[in-house]
Every structure is written in structure tokens, then in C-alpha cells.
Amino acid sequence: MTIVIFYAWVAIAYGLAFRRQLRSTPYPLLLSGVGLLFVAFFVEALPLKNEIVSSLLEGIPKLLSGINIALYFWFVSQGLIVRSLNFSHRK
């Protein structure tokens with residue numbers, strides 16, 4: 001749980017430091033990905049007796065979190081590449 005709190009503080013610091021840049025991107029994808037990741041961490045901490053249910057409740061949010069974060073970085077990277085190509089054609 002200490003690691004989760006550490007990551008939360010790092011994420012908050014990152015968000016505050018780069019809030020202007022984040023707002024110009026599809027940041028709801030990033031926020032939902034991070035939120036789902038924290039849901040998975042908290043489900044992992046619950047003392048559930050059924051391993052199958054516990055595994056599903058932990059694994060599905062982690063999977064969706066990874067997809068959302070990957071999509072966020074895909075859209076941001078794609079936008080930067082397109083802008084870079086458009087800028088180089090203008091010269």
C-alpha cells in the first residue's frame with residue numbers, strides 16, 4: 001500500500017506540474033486509466049476469499065487501465081508526429 005500512495009503523490013505532482021499541457025490532450029483517457037488502476041490496487045487489498053472473483057475484479061480494471069493509458073499515449077504521440085510532419089512541410 002505504501003507503493004500505491006507513493007505513485008499517487010507522483011501522479012498528483014506530475015498532473016500539477018504539467019496541467020496546462022495535459023489539458024491540451026485527451027486527458028480523460030489518462031484520468032480514467034489511472035482511476036481504474038487505483039481501483040485494481042484497492043481491490044487487491046480487499047480480503048476476498050474467492051480467488052476467481054478477486055482475480056477478475058483486479059484483472060479487468062488493470063487491463064482496461066492499460067488500454068486507456070496506451071490509447072492516451074498513442075493519441076498524444078500521433079498528434080505530435082502529425083504536427084511535426086506538417087511543420088517540416090511548411091519549410
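The shown structure was predicted, so the numbers you read here are calculated from the model rather than taken from an experiment.

Engineer: I keep staring at the overall build of the protein chain and nothing clicks. Help me out?
Structural biologist: Of regular secondary structure, the protein chain possesses four helices and zero strands. Ordered by position from the N terminus, the helices and strands of the protein chain form the series α-α-α-α. In terms of overall dimensions, the protein chain is more spread out than a globule: its C-alpha atoms have a radius of gyration of 17 Å, far above the 12 Å expected for 91 residues. With the C-alpha coordinates of the protein chain rotated into their principal frame, the extents come out at 65 × 25 × 15 Å. Burial statistics for the protein chain: of 91 residues in total, 14% are counted as buried.

Engineer: Explain the packing of aromatic side chains to me, please; I cannot follow it from the model alone.
Structural biologist: How two aromatic rings sit relative to each other is given by the distance of their centres and the angle of their planes. Evaluation of the coordinates by the stated rule reveals three aromatic pairs. Aromatic side chains Tyr14 and Phe18 sit 5.0 Å apart centroid to centroid with 50° between the ring planes, which places their arrangement in the tilted category. Consider the rings of Tyr72 and Phe73, whose centres lie 5.1 Å apart with planes at 80°: the pair is edge-to-face. Taking relative accessible area as the criterion, Tyr72 reaches 5% and is therefore assigned buried. The partly exposed category is assigned to Phe73, whose relative accessible area is 47%.

Engineer: Honestly, a nonpolar patch on the surface in this entry has me stumped. Any pointers?
Structural biologist: On the surface, Ile52, Leu56, Ile60, Leu63, Leu64, Ile67, Leu71, Trp74 and Phe75 cluster together into a nonpolar patch covering about 890 Å² of accessible area. Along the chain, Trp74 turns up in helix H4 (residues 51-90). Using a relative accessible area of 55% as the deciding quantity, one classes Trp74 as exposed.

Engineer: Would you explain the pattern of salt bridges in this entry?
Structural biologist: Pairing is possible between side chains that carry opposite charge, provided their charged atoms lie close to one another. Across all of its chains, the model carries two salt bridges by this definition. One salt bridge connects Lys62 with Glu44, and the closest N-O pair in it is separated by 4.0 Å. Taken together, the positions of Lys62 in helix H4 and Glu44 in helix H3 (residues 27-45) put the pair 18 residues apart, joining distant regions of the chain. By relative accessible area, which is 30% here, Lys62 ends up partly exposed. Here Lys62 makes a salt bridge to Glu58, at a shortest N to O gap of 3.0 Å. With a gap of four residues between them, Lys62 and Glu58 both fall in helix H4, about one helical turn apart. Within the structure, one salt-bridge network assembled from shared partners comprises Glu44, Glu58 and Lys62.

Engineer: Sorry if this is basic, but what is going on with the side chain of Ser54 here?
Structural biologist: Among the structural elements, Ser54 can be located in helix H4. Residue classification places Ser54 among the buried positions, given a relative accessible area of 15%. The residues touching Ser54, leaving out its near neighbours within four places in the chain, are Val43 and Leu48.

Rules and cut-offs
- Throughout this description, residue numbers start from 1 for each chain and increase along the sequence as written.
- At least 70 in pLDDT is required for a residue's local features to be given in this predicted model, at least 80 for side-chain atom pairs to be given and counted, and no such filter applies to totals for whole chains, interfaces and linings, which use all residues.
- To obtain the side-chain values, all non-hydrogen atoms of the structure were included, while hydrogens and water were left out.
- Starting at the N terminus, helices and strands are each numbered in turn, a helix being any DSSP run of H or I of at least four residues and a strand any DSSP run of E of at least two.
- For this measure, only C-alpha atoms enter the radius of gyration; the expected value for a globule follows 2.2 Å times N^0.38, where N is the number of residues.
- Three labels apply to residues, based on accessible area from a 1.4 Å probe with only protein chains included: buried if under 20% of the type maximum, exposed if over 50%, partly exposed otherwise in between.
- We call Phe, Tyr and Trp rings a pair once their centres come within 6.5 Å, taking the six-membered ring for Trp, and we label the pair stacked below 30 degrees between planes, edge-to-face above 60, and tilted otherwise.
- Grouping into patches uses exposed residues only, defined as over 30% relative accessible area, and leaves out salt-bridged ones; the cut-off is 9 Å for like charges and 5 Å for nonpolar side chains (Val, Leu, Ile, Met, Phe, Trp, Tyr).
- For the accessible areas, the method is Shrake-Rupley and the probe is 1.4 Å, while residue cover comes only from the protein chains on display.
- Within this document, salt bridges are pairs made up of a side-chain nitrogen of Lys or Arg and a carboxyl oxygen of Asp or Glu, the two lying within 4 Å of each other.
- A contact between two residues is defined here by any heavy atoms of the two lying within 4.5 Å.

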